[in-house]
Amino acid sequence: MKRMSVALVAAGLLSVTIPGGAVHAAPESKSLDPVVKAIKKQFAKKSGVRFSVKRRGGPPPAEDLQASGAYRFNASGVFAADITEISQEAEGTGRSREISIGREFYSQAYVRSKDGKYVWKSPPTVGKWSYGRNYAGVVWGEDLINGINPGFLKLVASHGATSADGGTFEGVRTTLHSGTVTVPALGERQAGMTFGTAKEDGVWSGPIVWKLWVGPDNLPRRFHAIIRFTRPEGGKAETMTMNVIYRGWGKPVKITAPPKHLIAD
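Residues numbered from 1 in each chain as written. Predicted model: local features only at pLDDT ≥ 70, side-chain atom pairs only at ≥ 80, totals over all residues. Heavy atoms only, no water.

S.K.: What exactly am I supposed to notice about the packing of aromatic side chains here?
M.R.: Two measures describe an aromatic ring pair: the distance that separates the ring centres and the angle between the ring planes. Evaluated as defined, the whole model comprises eleven aromatic pairs. Judged by centre distance (6.1 Å) and plane angle (85°), the ring pair of W204 and F229 falls under edge-to-face. Placement of the pair is W204 in strand β11 (residues 204-214) and F229 in strand β12 (residues 220-229), with a sequence separation of 25 residues. Here F229 falls in the buried class, since its relative accessible area comes to 2%. One aromatic cluster is present, built from ring pairs that chain together F43, F73, Y246 and W249. R222 extends its terminal NZ or CZ atom over the ring of W213, reaching a point 4.4 Å from the ring centre. (Phe/Tyr/Trp six-rings, centres within 6.5 Å; stacked < 30°, edge-to-face > 60°. Helix = DSSP H or I, 4+ residues; strand = E, 2+ residues; numbered from the N terminus. Buried < 20%, exposed > 50% of the residue type's maximum accessible area, 1.4 Å probe, protein only. Lys NZ or Arg CZ within 6 Å of the ring centre and 35° of its normal.)

As structure tokens, then:
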């Protein structure tokens, strides 16, 4: 959770435009086709999945964070999300919860010091929720670096993916798909880390080294990425590691808006 990110979302400003274009690609690997098909089948069923995330490093002012929550699908992809994030910041521990349902967005966040005092709160009253609508930064999109995003999987497949026995993960036999893709644009918005396929002035770029473990049903169980952010002006790169676990595929996921009386003006 970033205090600036939450503030920008509250102002309706946090969005990233990913322009069109294509990175130079190797012959497309077909190994991820069954994975994309299995994910889209879950979209069509309007089911859901629960997940947890651990993220470390990245360009300043990135903070190490842990997140957990659930996605609910519609035919186009993720329709609703309920995510709780905990981050370690200079002033203390940050905590936020964000609920998005279609174009509706609700959030509450704070930073609390080691002595228990609130350093920062949004909204100002703990327990209340901020509300907004049509914030591009919070909407799920095919620009997200995520193991269940068909857009990302198609990109990495076009750069060559290898497949091997992934061993057993949480009692399930898995296949491990892996590879590396270098993109001309890297960024972050409220919905997650993003990639772009066309060069942008003043924007980070760099390679993404990824691994994806899928079960016998071709549904992702774990996603791991190492992202190296190269500065537009050159110099030392910043490295971020991200690990995502997916559980409960196909089980009912209920995501609802907060009670109206808790919505701050």
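S.K.: Help me out: how do you make sense of the side chain of D143 in this one?
M.R.: Within the secondary structure, D143 sits in the loop between β7 (130-133) and α3 (150-157). Here the side chain of D143 touches R189 through a polar contact of 2.8 Å, side chain to side chain. (Polar contact = N/O pair within 3.5 Å; in protein donor to acceptor, adjacent residues only side chain to side chain.)

S.K.: Sorry if this is basic, but what is going on with the environment of W129 here?
M.R.: For W129, the location among the structural elements is in the loop between β6 (118-122) and β7. Take W129: its relative accessible area is 5%, and that puts it in the buried class. In this structure, the C-alpha to C-alpha distance between W129 and F105, residues 24 residues apart in sequence, is 9.7 Å.

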